[in-house]
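Residue-level listing of the chains:
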Amino acid sequence: MRVIAIVPAAGRGERMGADKALLDLAGVTAIERLVATCRAAGVDDVLVVRRDGAAALPAALAARVVVVPPGGEMADSLRAANAALPAGTDAVVVFPVDHALVEAETVLALLATLQRPGCGIALPLFRGKTGHPAAMARNVFAEIAAPGAVLRDLVRKDPARVRVVPSANPWVHADLDHPEDHRAAVCALHGEPWSTVAQMFRHRSHRAYKPDALAAGQLERLVDAARYASTSSFIQAYSVVAVRDARVKGECARLCAGQAHIVQAPVFAAVCADLHKIAAACGRHGSELQAQSFELFLQATVDAALLGQNLQLAAEAEGLGACMIGAARNHPVQLAELLGLPKHVYVVFGMTIGVPADDPIPRGRMPLAGVLHLERYDTAGIDAVLDGADAGMRVWSKRTNAERGGYQGRPVSETKGWSERMAAMWGGGSDYVAARQALVDELRRLGFGLG
Ligand SMILES: Cc1cc2nc3c(=O)[nH]c(=O)nc-3n(C[C@H](O)[C@H](O)[C@H](O)COP(=O)(O)O)c2cc1C
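Computed from a prediction, not measured in an experiment: that's the story for all the values here. (Residues numbered from 1 in each chain as written. Predicted model: local features only at pLDDT ≥ 70, side-chain atom pairs only at ≥ 80, totals over all residues. Heavy atoms only, no water.)

Undergrad: Quick one: what's the story with the sheet that holds strand 14 (residues 345–354), residue by residue and with numbers?
TA: An order of 11-12-14-13 is seen for the 4 strands of this open sheet, with the pairing classed as antiparallel. The sheet is open, and its two borders are formed by strand 11 (238–243) and strand 13 (321–325), each paired with just one other strand. Between one strand and the next, the sheet's axes are offset by a mean angle of 25 degrees, whatever the strand orientation. Here 6 bridges tie strand 11 to strand 12 (residues 267–274), and the two strands are oriented antiparallel to one another. Directly across from Val 241, in strand 12, lies its bridge partner Ala 270. (Pairing = 2+ DSSP bridges. Helix = DSSP H or I, 4+ residues; strand = E, 2+ residues; numbered from the N terminus. Axes fitted to C-alpha atoms, helices over the stretch in contact; angles between N-to-C directions.)

Shown next, in the form of structure tokens:
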């Protein structure tokens, strides 16, 4: 079977603001990735339809170009490709550049299905919805030549000739329309294969790191994605100061209870609540920031925390490890000076990010009944919740001692449960409370009035 892939890539990519075929997808252009996928699936040749005057495709691209006048529709591109198909073509794969993250195995499966009796069109199916690319018998695709025909008509005309092929690749549905779609595609190419929710369940805080630096552009990509967290009233009251310099990381560690993983990790990211930009916005419009507002302090702190959690999840999704560092509030004024924070900015928490060198036993969490209440808060279940939390903590301690030789180099008590630990931390005589007694005053000095 002689198969030709047809890539309609004649549009201007106006919503994207760039030529989609030439988008960079983790080091190769979208069209290069797509052509390589076709070749890997045994496609004999690739026809790329480009508008007259479009930018040149990469020189070494193993594809032929069909030129069409600007301003046409996708169906016009397909008609031009149909007219240019070489004699002896048995089948085509219509492969829009939006779907450049589809893998060769999907194309192979489509072509295998197309050879079954009665099949004229094979479409990938992801979660009950068909997508692209579409494999078609030559004679079926030829129907596109009819004036006004569009690809959808070919599929709808005769459902009996259409077969669907289950695919595990969500990119059969993708559109690369907006810059965010492009960034999501790049992240997916760097990412772990787990779904977001699976990734959440895989979370562990990492406290030892390999010396490897983050890849070029990785930090920017992670923070870029993280800042798409929801933000109260669109205030975007956060910022991140990423420290890579060993000396400055050392100073940060000193101010954060001497935690060694801050020095070891290639990046210490200070996640800040940041009203500086809103203060500047007020100034620009002849007004003054109401920095005494406790509500505004809370909004900025929540905003920063949401960004921080997103950042950790994004890092984990790329195979990195991270650990939040609340000890950044031990000496907030000195840390702010060290990082050059302007007034109205404080570090809510830090975060070590890098390639993990440890393999911590997952901590688990207290029973879900202690967190999820249906319709009304259930206080009656508190003893069962504490029992469950205590038991979970003891299991974790035993495993950590037995399988990891302790926690941070020291044996953990196997008898203390969660409730006893919380009582020691936050009950009468709490060192934690004593240690942060100055925090309100320190936050005031940093420009947060707190009501
Ligand atoms: C805001 C915040 C601050 C934290 N501060 C520290 C810290 O200073 N040092 C540290 O080693 N871990 C810190 N952690 C990590 C917690 O100890 C950890 O999330 C918790 O024990 C649960 O373990 P897991 O994340 O591995 O599931 C912090 C976590 C949060 C959310």
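Undergrad: Which residues make up the site of the ligand, and what are the values?
TA: Around the ligand sit 14 residues, and of these His 203, Ser 205, Arg 207, Gln 259 and Gly 326 come closest. Separating an oxygen atom of the ligand from a side-chain N or O atom of His 203 is a distance of 2.6 Å. Here an oxygen atom of the ligand and a side-chain polar atom of Ser 205 are 2.6 Å apart. In isolation the ligand has 620 Å² of accessible area, and contact with the protein removes 69% of it. Ranked by residue count, the leading element in the shell around the ligand is strand 13, at 3 residues. The class makeup of the residues in the shell around the ligand is 5 nonpolar, 5 polar and 4 charged. (Near = heavy atom within 4 Å. Polar contact = N/O pair within 3.5 Å; in protein donor to acceptor, adjacent residues only side chain to side chain. Areas by Shrake-Rupley, 256 points an atom, 1.4 Å probe, with all protein chains shown as cover. Nonpolar A, V, L, I, M, F, W, Y, C, P; charged D, E, K, R; others polar.)

Undergrad: So what's going on with the pattern of salt bridges? Which residues, and what values?
TA: When the charged atoms of two side chains lie near each other, side chains of opposite charge can form a pair. Scanning all chains against the criterion turns up 19 salt bridges. Across the pair Glu 143 and Arg 161 runs a salt bridge, and its minimum N-O distance is 2.8 Å. Within this pair, whereas Glu 143 is found in the loop between helix 4 (138–141) and helix 5 (151–157), its partner Arg 161 is found in the loop between helix 5 and strand 10 (162–166), the two being separated by 18 residues in sequence. The residue Asp 224 makes a salt bridge to Arg 227 at a minimum N-O spacing of 3.0 Å. For Asp 224, a relative accessible area of 19% corresponds to the buried category. Members of the salt-bridge network, linked through shared partners, are Arg 15, Lys 20, Asp 98 and Asp 177. (Salt bridge = Lys/Arg side-chain N within 4 Å of Asp/Glu carboxyl O. Buried < 20%, exposed > 50% of the residue type's maximum accessible area, 1.4 Å probe, protein only.)

Undergrad: Outline the domain arrangement of the protein, supporting the account with residue identities and numerical values.
TA: Partitioning the protein into domains gives domain 1 (3–172), domain 2 (201–360 + 436–445) and domain 3 (363–416). Around 350 Å² of area is buried between domain 2 and domain 3 when both sides are counted, 31% of it from carbon and sulfur atoms. In terms of surface lost to domain 3, no three residues of domain 2 exceed His 203, Arg 207 and Asp 359, which account for 82% of the buried area on that side. Run the count over domain 2 and domain 3 and you get 1 salt bridge. One can count 2 residue pairs in polar contact (both at pLDDT 80 or more) joining domain 2 with domain 3. By residue class, the composition of the side of domain 2 that touches domain 3 is no nonpolar, 2 polar and 2 charged. (Domains from an automatic or database assignment. Buried area = accessible area lost by both parts, 1.4 Å probe.)

Undergrad: Any chance you could break down the pairing of strand 9 (residues 134–137) for me, citing the residues and the numbers?
TA: Of the two faces of strand 9, the one holding Ala 134 and Met 136 and the one holding Ala 135 and Ala 137 are both buried throughout. Sheet analysis places strand 6 (residues 91–94) next to strand 9, joined by 4 bridges and oriented antiparallel. In the strand pairing of strand 9, Val 93 is matched with Ala 135.

Undergrad: How would you explain the packing of aromatic side chains if you had to name every residue and give the values?
TA: Taken as a whole and judged by the stated rule, the model has 6 aromatic pairs. With a centroid separation of 5.8 Å and 35 degrees between ring planes, the pair formed by Phe 294 and Phe 297 is classed as tilted. Of this pair, Phe 294 and Phe 297 both sit in helix 12 (residues 294–317), 3 residues apart, which is roughly one turn of the helix. Under the relative-accessibility criterion, Phe 294 is labelled partly exposed at 45%. Looking at Phe 297, the relative accessible area reads 10%, which means it is buried. Ring centres 5.8 Å apart and planes at 20 degrees place the aromatic pair Phe 297 and Tyr 346 in the stacked group. Taken together, the residues Phe 297 in helix 12 and Tyr 346 in strand 14 connect sequence positions 49 residues apart. The class for Tyr 346 is buried, based on a relative accessible area of 4%. A connected cluster of aromatic rings, assembled from ring pairs, spans Phe 294, Phe 297, Tyr 346 and Phe 448. The ring of Trp 396 carries Arg 363 above its face, with NZ or CZ at 4.1 Å from the centroid. Across from the ring centre of Tyr 407, 5.2 Å away, lies the NZ or CZ of Arg 363, which sits over that ring. (Phe/Tyr/Trp six-rings, centres within 6.5 Å; stacked < 30°, edge-to-face > 60°. Lys NZ or Arg CZ within 6 Å of the ring centre and 35° of its normal.)

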